[in-house]
Amino acid sequence: QMQLVESGGGLAQAGGSLRLSCAASGRTFGNYHMAWFRQAPGKEREFVGVIRQSTGTTDYADSVKGRFTISRDNAKNIVDLQMNSLKPEDTAVYYCAAAIWSRIITRNSGTYDYWGQGTQVTVSS
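Residues numbered from 1 in each chain as written. Predicted model: local features only at pLDDT ≥ 70, side-chain atom pairs only at ≥ 80, totals over all residues. Heavy atoms only, no water.

Draft legend 1. Expanded view of the nonpolar core. If you look at the biggest cluster of nonpolar residues, it comprises 38 residues, and the most contacted ones within it are Met34, Trp36 and Tyr94. When residues of this core are traced back to their parent elements, those giving at least two are β3 (18–25), β4 (32–39), β5 (46–51), β7 (68–73), β8 (78–83), β9 (92–100) and β11 (119–124). Considering each element in turn, this core owes the most residues, six residues, to β9. Beyond its immediate stretch of four places on either side in the chain, Tyr94 contacts Glu6, Leu20, Trp36, Phe37, Arg38, Val48, Phe68, Leu81, Met83, Gly118, Thr119 and Val121. (Core = buried A, V, L, I, M, F, W, Y, C linked by side-chain atoms within 4.5 Å. Buried < 20%, exposed > 50% of the residue type's maximum accessible area, 1.4 Å probe, protein only. Helix = DSSP H or I, 4+ residues; strand = E, 2+ residues; numbered from the N terminus. Contact = heavy atoms within 4.5 Å.)

Spelled out as structure tokens, the structure:
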């Protein structure tokens, strides 16, 4: 089992920034693609972005492209989500997720093997 623990959520004003972190343990972190998803009240969980295991290349949802950045530190077993120019519609519970390197990465939550508990992000207007 891989354990994922998110931190860094909280309250921000529109236009502000927050940085989320996800600490992984229990498996070899470098063998996993790492993604962020979010779920707003009454809505389905949606893909935010992913950073690939070997190349470190990233892919983002159109709604966050240019504002959010994912990075990973394989030595520290951490993946971060830097969120800038926040909007009220970014309000959601944010989840970290992991998929083993051999999977074909998609934006579908079913692709991912492990999930964190989530951290709340609230953006006020």
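Let's pick the thread back up.
Draft legend 2. Focus on the pattern of salt bridges. Counted according to the given criterion, the structure contains seven salt bridges. The salt bridge involving Glu46 is made with Arg38; its shortest N-O contact spans 2.6 Å. Look at Glu46 and you get partly exposed, because its relative accessible area is 35%. Overall, Arg38 belongs to the buried group, its relative accessible area being 5%. With a shortest N-O distance of 3.0 Å, Asp59 and Arg107 are connected by a salt bridge. Taken together, the residues span a long stretch of sequence, with Asp59 in strand β6 (residues 58–60) and Arg107 in the loop between β9 and β10 (114–115) at a distance of 48 residues. Judged by relative accessible area, which is 23%, Asp59 ranks as partly exposed. (Salt bridge = Lys/Arg side-chain N within 4 Å of Asp/Glu carboxyl O.)

Draft legend 3. Representation of the pairing of β3 in the model. What you see with β3 is a clean split: Leu18, Leu20, Cys22 and Ala24 sit on the buried side and Arg19, Ser21, Ala23 and Ser25 on the side with no burial. As paired strands, strand β1 (residues 3–7) and β3 are joined by five bridges and run antiparallel to one another. By the bridge assignment for β3, Val5 is matched with Ala23. Where β3 lies against β8, six bridges are found, and the strand directions are antiparallel. Opposite Ala23, over in β8, you have Ile78 as the bridge partner. (Pairing = 2+ DSSP bridges.)

Draft legend 4. Seen up close, the environment of Arg52. Relative to the elements of secondary structure, Arg52 occurs in the loop between β5 and β6. Arg52 sits in the partly exposed class, given a relative accessible area of 25%. Sequence spacing of Arg52 and Lys76 is 24 residues, and the spatial spacing of their C-alpha atoms is 16 Å. Leaving out residues up to four positions away in the same chain, Arg52 has contacts with His33, Thr57, Thr58, Asp59 and Arg72.

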